[in-house]
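# A structural walkthrough
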Amino acid sequence: MKHILIVGATSAMAEQSARLWAARGDVRLVLLGRDAQRLEAIAQDLRVRGQAVKTLTYVLDFESAVAIGALVRTVTQVAPIDIALIAHGHLPDQPACEGDLGLAARELSINGVSPVLFAEAIAGAMQSAGRGALAVIGSVAGDRGRKSNYVYGAAKGLVERYVQGLQHRLATTAVRVTLVKPGPTDTPMTAHLKLGGAKLADVGAVARRIVAATDAGRPVLYTPAKWAIIMTVIRNLPRAIFHRMNI
Amino acid sequence: MGRSYGDTALNAGGLLWATRGLDRFIDFDIYRGRLTCEAGVLLRDIQHLCVPRGWMLAASPGTQLITVGGAIANDVHGKNHHAVGAFGDHVRRLILQRVDGTVIECGPDLRPDWFAATVGGIGLTGLIEQAELQLRRVPSPWLSTESMPYGTLDEFFDLSQRSEADWEYIVSWIDCLSGSLNSGRARGLFMRGNHAPLSDGPSPRTKAKRVPLIPPVSLVNPLTLRAFNASYFHMGRWRAGYSTQHYEPFFYPLDNLRDWNRIYGARGFHQYQCVLPPEDSAAGVQAMLAEIGRSGRGSFLAVLKTFGDRAAVGMLSFPMPGVTLALDFANTGPDLERLFRRLDAIVSQAGGRLYLAKDSRMPRTLFEAGYPRLSEFHAYRDPGLSSEMSRRLMGE
Ligand SMILES: Cc1cc2nc3c(=O)[nH]c(=O)nc-3n(C[C@H](O)[C@H](O)[C@H](O)COP(=O)(O)OP(=O)(O)OC[C@H]3O[C@@H](n4cnc5c(N)ncnc54)[C@H](O)[C@@H]3O)c2cc1C
Ligand SMILES: NC(=O)c1ccc[n+]([C@@H]2O[C@H](COP(=O)([O-])OP(=O)(O)OC[C@H]3O[C@@H](n4cnc5c(N)ncnc54)[C@H](OP(=O)(O)O)[C@@H]3O)[C@@H](O)[C@H]2O)c1
């Protein structure tokens, strides 16, 4: 029985990924979130989708280092974690953050510090067990700071650097760490962009690629794939041109 | 999913609720074949989950890319209506959310009046939030099928009658350009199928194709149609006989041709689907084919099928005993409406009705005559909900 831990399990990307894992059957899915009722509705659905699917749900404070450490220890006591996905995040209101440092701090914390603390705890547990596949969702927004959302981008940039460090540290072990960088995707996080007519990727397709990349232990996944090219261009634009762009 | 052909799921200038996010399963009792799920789950997802475990939707229409809520709200029917009834006959429970916040749970044995109003109730009694469905057992995803040509309507009715007891799935394609050749003639292909025991045949190739662009004019016009219908008929006649088919291509032939409606060009098409009571069905179908022949236009997805005798669950359900004819026509504007008026006259004289899932134009009088339980229905409407269709046909 595979042991799979999903952090931020109510995220649309996480839920779609969990469905793919559940459909394989014979898995124990541990779902972490902040709303017990919503977690249970998802757990119920996952139990129907596969044969011999067991679920466990936990509610915790995602910004408490102590709670994160304790939870990962509890989960690993049952069995070593085979696969983990860290998915939570929140798209901040950039102008509001500029005028409210408290808000900026909270956004940096939930999008940056919180996921890397989970990553640290899980990677450590996997290293002790000698195996495991960990995927962390960053974002294309982490590739270069832009005026329209650099609070979010900076937090995602922290995730990227942290994952690089873990990859370096674990390179000689059997533990694999994957950084997922989605482009704009159709989920509740982007509902307001969709109303504005933005073209968004299908979350089911994004999840299929997340699951495949995690299984394969790929170090970095851009999804949809075209974002790898787009972001290479954006990262390499000379400052003089970049600064004239309204993005 | 917006798969209805008419204006039942439209609300121009107003708010439209997209229900696809309600896509969670709630419970699957694999011993009794009972599935509870939210109303935005697609029929395809149910089939993919349940068929490998020996269960299948008891009734499903010609596409599986629709939601459970849409299937209930139109009380959709499949090729096995004569054997098992419509979708609503297999719903055990519904949870209905009204705009004012009330929640109503109903089923055939619990507030049956609310149930009868909601099944086939085109979304006007509230939002269906979840449903419990009774599935049917299947030994495998395979069907044993037989297809054969027929040359007259009498032959069609005769084949239907003789097949109903022994064949669960029956449908026929009719060449609606052949009816005008001389009366009594109407060639077509008759198809029937039954569930087959486990076979180790290969799964079908399901690579979806897509119509890549919207052509400037309809590719379906009198010239292409005559050629298409003739070759389809002759191919079918040539290939007639027995075969084993996977349920997906047999039940849902269009689902692998994404955006197939684009072949009709930017002006789109109309579908016209009626049911005629048994006494008048032969003469009525004949008269309709003659009208279509006279109009010089044809339909390429023309389907003829008999319904079973059971009373429908819903007050506004479409199925009733008799024969149903479904036709697609490229939208050519006012002269198409003139043809529809002549077809309406035949339907109305026969005491038949048009299918709300396919309609965007029927006169209110035809609606009222075709749906005698309408007066009963009004009491169950959610005053917070209306649609283009409800405003057109019910005045609000
Ligand atoms: C290729 C093709 C083949 C077809 N073949 C058949 C066939 O063989 N037999 C048949 O009967 N039909 C057939 N249809 C019609 C189709 O089955 C119906 O139109 C069906 O209702 C569409 O479901 P939907 O989920 O797209 O709903 P929509 O078209 O989006 O909505 C249909 C109605 O249901 C209501 N509704 C939807 N969800 C809810 C909810 N959660 N709560 C309350 N009301 C709701 C809407 O308000 C609307 O009135 C076919 C359609 C296509 C495209
Ligand atoms: N959608 C995109 O376009 C896009 C693009 C690039 C990257 N991403 C990243 O992809 C990941 C998944 O996002 P999604 O698109 O699936 O969005 P989503 O459906 O909105 O999910 C966001 C998740 O984050 C959780 N969350 C937010 N704030 C939290 C907090 N303070 N404490 C605990 N949990 C919190 C939410 O929990 P609740 O359900 O309890 O609110 C939810 O599980 C995120 O890391 C996001 O940054 C998304």
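Just so we're clear, the structure is a prediction, and the values are computed from it rather than from any experiment.

Further remarks concern the packing of helix 8 (residues 278-295) of chain B against helix 9 (residues 334-350) of chain B. All names here are of chain B. Between helix 8 and helix 9, the least distance of the axes is 10 Å, while the angle of their chain directions is 170°. One finds that helix 8 runs roughly antiparallel with respect to helix 9. The segment helix 8 lies against helix 9, with D280, G284, A287, M288, E291, I292 and S295 engaging L339, R342, L343, I346, V347 and A350. Looking at the contact of helix 8 with helix 9 residue by residue, the classes come out as 8 nonpolar, 2 polar and 3 charged.

For the rest of this paragraph, the subject is helix 3 (residues 65-78) of chain A. Residues and elements named next belong to chain A. Between the first and last C-alpha of helix 3 there are 21 Å, a value that for 14 residues agrees with the 20 Å anticipated at 1.5 Å per step. Buried within helix 3 we find I68, G69, L71, V72 and V75. Buried residues along helix 3 cover an arc of 165° about the axis, so they all sit on one side. The exposed residues of helix 3 that point more than 90 degrees off its buried face are V66, R73 and Q77. In the core, the buried residues of helix 3 are packed alongside strand 1 (2-7), strand 2 (27-33), strand 3 (53-59) and helix 5 (101-129).

Below, the discussion takes up the site of ligand 2. All names here are of chain A. If you check the shell around ligand 2, you find 25 residues, and the closest are T10, R38, Y152, T185 and T187. Note that an oxygen atom of ligand 2 is positioned 2.7 Å from one of the side-chain N or O atoms of R38. Between Y152 and ligand 2, the recorded distance is 2.6 Å, taken from a side-chain N or O atom to an oxygen atom. Contact with the protein chains covers 88% of the free accessible surface of ligand 2, which is 890 Å². Within the residue set of the shell around ligand 2, elements represented by two or more residues are helix 1 (12-23) and helix 6 (150-170).

Before going further, it helps to spend a moment on the interface of chain A and chain B. At the junction of the two partners, chain A supplies 11 residues and chain B supplies 9 residues. Seen at the junction of chain A and chain B, the total is 2 salt bridges. Taken together, the links from chain A to chain B amount to 6 residue pairs in polar contact (both at pLDDT 80 or more). Within the residue set of the side of chain A that touches chain B, elements represented by two or more residues are helix 1 and helix 2 (36-49) of chain A. The dominant element in the side of chain A that touches chain B, judged by the number of residues it contributes, is helix 2 of chain A, at 6 residues. The residue inventory of the side of chain A that touches chain B, partitioned by class, reads 3 nonpolar, 4 polar and 4 charged.

With that settled, consider the packing of aromatic side chains. All names here are of chain B. Going through the model one piece at a time under the given rule, you end up with 18 aromatic pairs over all chains. Between F250 and F251, the aromatic rings sit 5.8 Å apart at their centres with planes inclined by 50°, giving tilted as the arrangement. Neither F250 nor F251 differs from the other in exposure class; each is buried. Aromatic side chains F367 and Y371 sit 5.3 Å apart centroid to centroid with 45° between the ring planes, which places their arrangement in the tilted category. The pair formed by F367 and Y371 is uniform in burial state, with each residue classed as buried.

It is worth spelling out the domain arrangement of chain B at this point. All names here are of chain B. Here chain B is partitioned into domain 1 (25-138) and domain 2 (142-369). Look at where the C-alpha atoms of domain 1 and domain 2 centre, and you get two points 25 Å apart. Contact with domain 1, which involves 34 residues of that partner, is made by 30 residues of domain 2. Where domain 1 abuts domain 2, roughly 2,800 Å² becomes buried across the two surfaces, and 57% of that area is made up of carbon and sulfur atoms. Counting every contact that joins domain 1 to domain 2 gives 2 salt bridges. Between domain 1 and domain 2 we count 22 residue pairs in polar contact (both at pLDDT 80 or more) in total. Secondary structure elements with two or more residues in the side of domain 1 that touches domain 2: helix 1 (43-50), helix 3 (81-84) and helix 4 (112-118). When its residues are assigned to classes, the side of domain 1 that touches domain 2 shows 14 nonpolar, 15 polar and 5 charged.

Attention shifts here to the pairing of strand 6 (residues 175-182) of chain A. Residues and elements named next belong to chain A. Here strand 6 lies mainly inside the structure; 7 of its 8 residues are buried. Viewed along the sheet, the connection from strand 5 (residues 132-137) through helix 6 into strand 6 turns out right-handed. Bridge count between strand 6 and strand 7 (residues 220-223): 4 bridges; the pairing is parallel. The residue bridging V180 from the neighbouring strand is L221, located in strand 7.

About the thresholds
- Per chain, residue numbering runs from 1 following the sequence as it is written.
- Chains and ligands are labelled sequentially in the order written, the chains with letters from A and the ligands with numbers from 1.
- Totals for whole chains, interfaces and linings use every residue, but because this is a predicted model, local features are given only for residues with pLDDT of at least 70 and side-chain atom pairs only at 80 or more, for both listing and counting.
- Hydrogen atoms and water are omitted, and side-chain values are computed over all heavy atoms in the structure.
- With axes taken as lines fitted to C-alpha atoms, and helix axes fitted only over the stretch in contact, angles between N-to-C directions fall between 0 and 180 degrees.
- Labels follow the DSSP assignment, with helices taken as runs of H or I lasting at least four residues and strands as runs of E lasting at least two, numbered in each case from the N terminus.
- Working definition: roughly parallel below 35 degrees, roughly antiparallel above 145 degrees, roughly perpendicular at 65 to 115 degrees, and oblique for all remaining angles.
- Contacts: residue pairs with any heavy atoms within 4.5 Å of one another.
- Ten residues, namely Ala, Val, Leu, Ile, Met, Phe, Trp, Tyr, Cys and Pro, are considered nonpolar, four, namely Asp, Glu, Lys and Arg, are considered charged, and the remaining ones, Gly among them, are considered polar.
- Here, expected helix span is obtained from the residue count minus one, scaled by 1.5 Å.
- Buried means the residue's accessible area, taken with a 1.4 Å probe over protein chains only, is under 20% of the maximum for its type, while exposed means over 50%, and partly exposed covers the values in between.
- The arc refers to the directions leading from the helix axis to the C-beta atoms.
- One heavy atom within 4 Å of a molecule or strand makes the whole residue count as near it.
- Pairs of N or O atoms within 3.5 Å make up the polar contacts considered here, provided that, within protein, one atom can donate a hydrogen while the other can accept it, and that residues adjacent in sequence are counted only when both atoms are side-chain atoms.
- Values of accessible area rely on a 1.4 Å probe in the Shrake-Rupley scheme; residue burial ignores everything except the protein chains shown.
- For this document, the term salt bridge refers to a Lys or Arg side-chain nitrogen within 4 Å of an Asp or Glu carboxyl oxygen.
- A pair of aromatic rings is counted whenever rings of Phe, Tyr or Trp (Trp by its six-membered ring) have centres within 6.5 Å, and the orientation is called stacked for planes under 30 degrees apart, edge-to-face for over 60 and tilted otherwise.
- The split into domains, and so the bounds of each, comes from an automatic or database assignment of domains.
- Buried area is understood as the total, over both parts, of accessible area removed when two parts are fitted together, assessed with a 1.4 Å probe.
- Looking down the strands as they point away from the viewer, one classifies a crossover as right-handed if the path from the first strand across the helix to the second runs clockwise.
- When DSSP finds at least two bridges between two strands, those strands are taken to pair.

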